[in-house]
Amino acid sequence: MSEPIVLVIAGPNGSGKSTITRLIPCHGVYINADDLKMEYNLTDLEAAEKAEALRNKLVEIKANFTFETVLSTERNLLLLHKAKENDYKVECIYVLTCNADINLARVRGRVSEGGHNIPENKIRNRYFKALELLPQIINVCDRILIYDNSVMPFLVFKKTEIDYEYFPSKIWPIDKLKELLKR
């Protein structure tokens, strides 16, 4: 039997995670607190707790799964470490932007189209916390692809089981990437 896989689609609110998720194949069960909130008419807290319980249960039974998260706290990092301890292969697609104002504008646009709102202070706070935790996410992952989605998505960093590679750009020169990723 091959090792189980967890795929995490991560990045700050408004970076484009949901769009990316719709474009890629998921591994196993897909878990998203926003979907659970709508499906079961839950509060934000109830949906987050239900999503966390589902993810933990899947790790216990060693089932493949995919989840989407801002990853601005250590809670899901701990889940990824627990998955590693349970012989999981941890993969990540991380979507970021070069400026929190982009994320804020996207959330406002989503709200104007009937989507869910997030207060501005939370968007900005989570943006910086999520980027601050990025080096830890890289370390726990077997494979990670990091995309900048400020305008159009482009790859800025890739880590595989054997090496890693930077893809500097005008937005992300090599020194800025190394500072962000602490590599």
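Because the structure is predicted, anything quoted here is derived from the model rather than measured.

1. Thoughts on the overall build of the chain
- Each helix and strand in the chain was counted, giving 8 helices and 7 strands.
- Relative to its length of 183 residues, the chain is compact, with a C-alpha radius of gyration of 16 Å against a globular reference of 16 Å.
- Seen through its principal axes, the chain has C-alpha atoms that stretch 45 × 45 × 25 Å.
- Counting all 183 residues of the chain, 44% fall into the buried class.
- Counting every atom, the chain has about 9,900 Å² of accessible surface; 53% of that belongs to carbon and sulfur.
- Averaging the coordinates of the 26 positive side-chain charges in the chain and doing the same for the 25 negative ones gives two points 2 Å apart.

2. Notes on the pairing of strand E4 (residues 89-96)
- Here E4 lies mainly inside the structure; 8 of its 8 residues are buried.
- Side chains of E4 alternate between two faces, with Lys89, Glu91, Ile93 and Val95 and Val90, Cys92, Tyr94 and Leu96 buried alike.
- Sheet topology places E4 next to strand E5 (residues 143-148); 6 bridges connect them, and they run parallel. Across the sheet, residue Glu91 finds its bridge partner in E5, namely Arg143.

3. Some thoughts on the nonpolar core
- Among the nonpolar cores identified, the biggest contains 41 residues, and Phe65, Tyr94, Ile144, Ile146 and Leu181 are the most heavily contacted of them.
- The residues contacting Leu181, other than those within four sequence positions of it, are Leu134, Pro135, Ile138, Ile146, Phe157 and Tyr166.
- Counting residues in hydrophobic clusters, the runner-up holds 5 residues, among them Leu7, Ile9, Ile20 and Val95.

About the cut-offs
Residues numbered from 1 in each chain as written. Predicted model: local features only at pLDDT ≥ 70, side-chain atom pairs only at ≥ 80, totals over all residues. Heavy atoms only, no water. Helix = DSSP H or I, 4+ residues; strand = E, 2+ residues; numbered from the N terminus. Rg over C-alpha atoms; globule rule 2.2 N^0.38 Å. Buried < 20%, exposed > 50% of the residue type's maximum accessible area, 1.4 Å probe, protein only. Areas by Shrake-Rupley, 256 points an atom, 1.4 Å probe, with all protein chains shown as cover. Lys, Arg positive; Asp, Glu negative; His and termini not counted. Charge placed at Lys NZ, Arg CZ, Asp CG, Glu CD. Pairing = 2+ DSSP bridges. Core = buried A, V, L, I, M, F, W, Y, C linked by side-chain atoms within 4.5 Å. Contact = heavy atoms within 4.5 Å.

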